[in-house]
Every structure is written in C-alpha cells, then in structure tokens.
Protein chains: 2
Amino acid sequence: MKRPAVRITDVAALAGVSAGTASKALNNTGQLSQDTRERVRRAAAQLGFTPDVRGRALSSGRTFTVALLTTDSSGRFSIPIMRGVEDVLSAGELATVLCDTRDDPLREQSYLRSMVARGVDGIVVTGRRTEPRPPIDVPLPVVYALAASTDPADASVIVDDAAGAAAVITHLRTLGRSRIAHITGPADHRSAVERAQAMSSSTLVGEPLFGEWSEQWGRQATDLVLRAHPDVDAITCGSDQIARGVCDRLRELGRAVPGEIAVTGYDNWPVMALASRPPLTSVDLRLEELGRRAANLLLDAIAGNPHHGVLELPAQLVPRESTLGA
Amino acid sequence: MKRPAVRITDVAALAGVSAGTASKALNNTGQLSQDTRERVRRAAAQLGFTPDVRGRALSSGRTFTVALLTTDSSGRFSIPIMRGVEDVLSAGELATVLCDTRDDPLREQSYLRSMVARGVDGIVVTGRRTEPRPPIDVPLPVVYALAASTDPADASVIVDDAAGAAAVITHLRTLGRSRIAHITGPADHRSAVERAQAMSSSTLVGEPLFGEWSEQWGRQATDLVLRAHPDVDAITCGSDQIARGVCDRLRELGRAVPGEIAVTGYDNWPVMALASRPPLTSVDLRLEELGRRAANLLLDAIAGNPHHGVLELPAQLVPRESTLGA
C-alpha cells in the first residue's frame, strides 16, 4: 500500500517556513540560520520526505555524493571530522563516502579514479598528520581538512595549534605557575614542533623534550625533567598520551598533581584525558567543527564559488583536575 | 591530453590471467583465490583501469555502492569492520558509504530512506553493542555484523565470545593458574554476560564481578577480589580497559604481574592492551575478518543467493606479558 507522496510544501508547512526556504534548507543553499535548517530537516524526517535523488542526479548530472578521503586508518581524527561534514551535508541529503587510503599512494590513486568515474560532487581530503600535503589532481571541487594543501590556491581548514599552546601557557600563568617544562612527540612532526614553538616563545625551563607520542616516553621524560629542573611547577605535554605517562610517573614518585606540579595534555582524546589520574586539562582540536567548516567550503565550491587559502580554527583549552585540582 | 583507454584485456595480460578471470576478480564474482584477485587489482591500479561505473549503473540499474550503517559514533568497532568490508568490495570497485546513525532512530530512518532512494546495492548493519537488534525494513539485501538480527531469516555474522573466553581459561590453566577471578562490565550487556558465563562454566573463585567498562572499576574491583580471595593467582577481565586498571592497582599494591597474579584483557584494543604495564594478554574480536565475511555474504545476496542464520566467528587469544612474563 503506497501512501500519498510527501511534498516539499508539506515539509515547509510543518516547519513553519516557506517552500523556498524549505528547499534551500534541504539543499543547503542560501543564507539560513542553523536553527531553521535543523527545523526543516526534522520536519522532513518526521514526514518521511524523500527527495528523488536519482531523478535529480539524472536531470542535473550530479550524484549528490561527497567523498572523505583519509590516510587515518584508525579513524581517530577522520571519524570526528566526518561527523562534522555529515552534520552539514546530511541536511541537504548528500551522502558522505568515507575512503580510507591507508597511506598507500596506489590505493589513493585508485580511490580518486573511482570517485571521478562515479561522478561525486566533491572531495574532502584529511589524514592523521598536520603536515601540508601535495594537492590531489582531480577535476572536482576539493577542500583539505587538518593537513593543508601545499598549493595556496586550494582551500584548506586546519587547527591553529599556536593558539591552543598559547592558551595552555596563559592558563598556567593565571594559576601562578612559572617554571614550566615541555615534553612532546617527534621533532619531525609538525604538530609537535608548532606546539613546542608556541610554548617556547614564553619562558620554558630548558628546551622542549622531543620523543614519541607514547605514555612510556611521558614517564621517561618526567625523570629527565625532574633531574634537570627539580623545582619545576608545571609540565605541558604535546599529547594526552604523553601527559598520562607524566601523571603516572609523578604519582609513583609521590609528587602531587597539581599540588606540586600541574600537568596538561593536548588533543582532548576522552580515552586518555578522562582515564588519566587526575583527569587532564587538555586542548580540544575541534575536529567536528573542522569538518563542518570544510563541508561548508566544499558546498560553496560545488555551487561555483570556490575559496582559496588556509582557514585556521583556534584549538580550545578544556580545564580539568590536572591543573585545577579536585 | 587523453591517453587511450585501458581495457580489461590489458589488465588481464599484465596480471597473467584470462579476461574472464580479470573481470570476475574486479567484480568479485566467481571462485578465485585471494591471491589472484589481489594480482588483478594491482594490475588494474597500475594501469589506471577505470570501469565506467556510471555507464554500468545506467545500463544495469545498479549504483555499485554498499552502505555500512552503524550506531557506533566513535568508530572503535565500525572502522575495523569497514576496513574488512572494503577489502572485499573495493576489489570489485564497489564504494562503501559509512552512515553514522548516532543511535538515533529518527536518523536511522532518514539514512535508510536516503539509501533506498539512492539505489544502493546492499547494506551492512553494525554497531557498538552485541545485543541482537530488530531488523531494518528495506527492499534491499542486508547483512548484520557484530550484533545479529532478531529475525532468524536474516544473515548475521557475530563474534563467538564463548570461544574467546574459553581460550583465556585454557591458556591460564596451561600456565598452571587455578584460582581465577573475573571482573567485567555491566550485567545488562550481552558481551559482559556471555564472557562471564563462558568463564564461570570453569571453576572461578567467587561470582563474576559486574560493573563498568572502565579502568576505575578495574582498580576498585581489584581490591574487592583481593579481600575476598587473597590467594587468587589470575584475574580475567571483560575488557582491556578493566584489565589495565587491574594491572595499575596490583602494581600500586606491590603485587607482581604475572609473577603472583596473571591478568587478561578482552578486545585487543591496541591503545589499552599495549600501553598497559605489562602489555595485556587479550582476546582479538577479529573485526576486520567479521567485515570481510559480512561483505562476502552481502555479495552473495546481491547476486541473488541470500544466506540465512547466524555465522559465529571465534574470537582469538593474543598472549602477551601480562600472563607470559617478560
């Protein structure tokens, strides 16, 4: 038994907007508030409104699909970014195809050819590192997220790590800490270097300690810091994993966190930041917001208004017990 | 400048197979070895062979896309499963669309309508829990992975947790441990109950301790176990997070792992199992293999040969230092 088809005017009536506004909201065009778009989306879902995607694709030559190309096999960074991309695109009934290249150039080329053959509307390129990467060569709108394209004519959205690192230092100084050491990841990782430089511009005790993105390195480096600077009153870390190792080692040594030594992480990865004893003050990379921004830039490009250059999204301090106390 | 189009016969020649075999390998049909399929895929990638997907879709009415519908927003379970699905499907140039319902029934309905409207070839349904779930109602081939469908006529692939738990007990007995306690997650989670029951059928000291999937619960429960059974010589855990908490607490109490007390985790989640001190003997859920099996069942269903019932994939013991020692 077929129910009568739901029309866009039914959706508009339920959402309390005009049919034109409802159409804009569902197609993600025009200047509408997030609230209006959401109301229309809910109304469409409630009524079971199904835009005839294949019909639209055939008449317009578009397939209404966007690909998220990632080198991050773990999903640690790409899944939150994808959630953000979907937030924006699903309102317009665009499907997001996740393609995992596993950092294999052959696999990346194969995916790109397949996506072009499939006629996707656009591609968001992301990964697990922040190093700028060579642009991909496809005749489609492309936006880079997390790692910028090396071509300044491309549109990229990246995390402003310098802002995040500066926020950590300001936070610690506000709490009266002045003898601050820094432990971070490999010296050839851009994210480690950028965070360390932003912190070094303030007065750190000693040079930043570069090592691995691991808890074990955090524990080892804690001993190095305490030997060189016995009166340190804060240790900032380049990742939550390192910071967790620092907290564990300080506890083993009977040094109170944050009473004697405050500790900060970076990434705001719940698995680490919340399980740490004490829970970590950290810096949130705002990956979902990064995905939303990338999706909006891509929609503009698909609509014929491409952006150029690098948009930096400030990372955000999240204070917890490792600096504030219980 | 356009290069001459690469034909399937070029791919076949480079791979050293017949054109028919190359076609079967790329379309994932027929009975071919994994090695042959891989060789053809590599040859196709090397030559830049692009099947005309849209042409095929228009002529056949198919879009050559498979959707992975998941309730697991973190990607912890769905990303490895997706990798397995892609392993199988990408050889045949099918794209895998990841749809994250965020456990919201409204969002799930909306995705399903959208996927049906888009004419996808089939759907793999997965999640973050192992509880059987109600089937989805779509006129398409569907396979359930990790959580079975409650309809026995559907095809499901799930992890055999009883086999994994039994392997843990056998391993510990082989190592001479006999006074074994069990700490696990919530009593209303199927995965906690199944693992606990499989272990209880052997002789555990005391009842399984149900609590949370957290390191903190692992630490707390360790105290409870030691108070009730001071001579315990092994603690098995329902997750790696719990086991990590157990190891931390035992170290704080000066009890040697595994010298005095062996500890086992479950899930084989590298972030926890490898960072634990000592690294955890654990049980691998084989999520990628689960994805591969699900994809093969789905391909059969798409080809008109649907399977029925529940396929159980035994979880696999991975021994490490927490039972074997350094």
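Numbering of residues starts from 1 in every chain and runs along the sequence as written. As they are written, the chains are lettered A onward and the ligands numbered 1 onward, keeping that order. Only residues with pLDDT of at least 70 are given local features in this predicted model, and only at 80 or more are side-chain atom pairs given and counted; all residues enter the totals for whole chains, interfaces and linings. Neither water nor hydrogens contribute to the side-chain values; these are computed over all heavy atoms in the structure.

Draft legend 1. View of the overall build of chain A. Secondary structure elements follow DSSP: runs of H or I of four or more residues count as helices, runs of E of two or more count as strands, with numbering from the N terminus. In terms of regular secondary structure, chain A is built from 13 helices and 12 strands. Each residue is placed in one exposure class: buried if its accessible area under a 1.4 Å probe, protein chains only, is under 20% of its type's maximum, exposed if it is over 50%, and partly exposed if it falls in between. Expressed as a percentage of its 326 residues, the buried residues of chain A come to 56%. Two residues qualify as a contact provided that any one of their heavy atoms is within 4.5 Å of a heavy atom in the partner residue. In chain A, 69% of the contacts between residues at least 6 apart in sequence involve partners at least 24 apart. Carbon and sulfur atoms make up 53% of the accessible area of chain A, which amounts to about 13200 Å² in all. The charge count treats Lys and Arg as positive and Asp and Glu as negative. His and the chain ends do not count. Lysine's charge is taken at NZ, arginine's at CZ, aspartate's at CG and glutamate's at CD. Both charge centroids of chain A, one from 36 positive and one from 38 negative side chains, sit 6 Å from each other. The protein chains shown are the only cover counted for residues, whose accessible areas, like all others here, come from Shrake-Rupley with a 1.4 Å probe.

Draft legend 2. Region of interest: helix α5 (residues 78-89) of chain A. All names here are of chain A. What a helix should span is 1.5 Å times the count of its residues minus one. Compared with the 16 Å implied by 1.5 Å per residue over 12 residues, the 16 Å span of α5 between its first and last C-alpha is a close match. Counting buried positions over the 12 residues of α5 gives 11, a clear majority of the element. For α5, the full list of buried residues reads S78, I79, P80, I81, M82, R83, G84, V85, E86, V88 and L89.

Draft legend 3. The relation of the copies chain B and chain A, seen in detail. The copies are overlaid by a least-squares fit using only the C-alpha atoms of residues whose pLDDT is at least 70 in both copies. Take chain B, turn it by 180°, move it 0.0 Å along the axis, and it overlays chain A with an RMSD of 0.1 Å. What we have between these two chains is a two-fold relation. Identified as the residue of chain B closest to the rotation axis by C-alpha distance is V97 of chain B, at 2.3 Å.

Draft legend 4. Fine view of the interface of chain B and chain A. Counting residues at the interface gives 55 residues for chain B, matched by 55 residues for chain A. Take the accessible area each of two parts loses on contact, using a 1.4 Å probe, and add the two losses: that sum is the buried area. The junction of chain B with chain A conceals about 4300 Å² of combined surface from both sides, 45% of it contributed by carbon and sulfur atoms. Basic side-chain nitrogens of Lys or Arg form a salt bridge, by our definition, when they fall within 4 Å of a carboxyl oxygen of Asp or Glu. Its salt-bridge partner being D104 of chain B, residue R42 of chain A comes within 3.9 Å of it at the nearest N-O pair. Under the rule applied, a polar contact is a pair of N or O atoms within 3.5 Å (in protein, one hydrogen donor and one hydrogen acceptor; residues adjacent in sequence only if both atoms are side-chain atoms). Counting across the interface, chain B meets chain A through eight residue pairs in polar contact (both at pLDDT 80 or more). Looking at the side of chain B that touches chain A, the elements with two or more residues in it are α3 (34-47), α4 (53-60), α5 (78-89), β2 (95-100), α6 (105-118), α9 (215-228), α10 (240-252) and α11 (270-273) of chain B. Grouping the constituent residues of the side of chain B that touches chain A by class yields 22 nonpolar, 13 polar and 20 charged. Residues are grouped as follows: Ala, Val, Leu, Ile, Met, Phe, Trp, Tyr, Cys and Pro are nonpolar; Asp, Glu, Lys and Arg are charged; all remaining types, including Gly, are polar.

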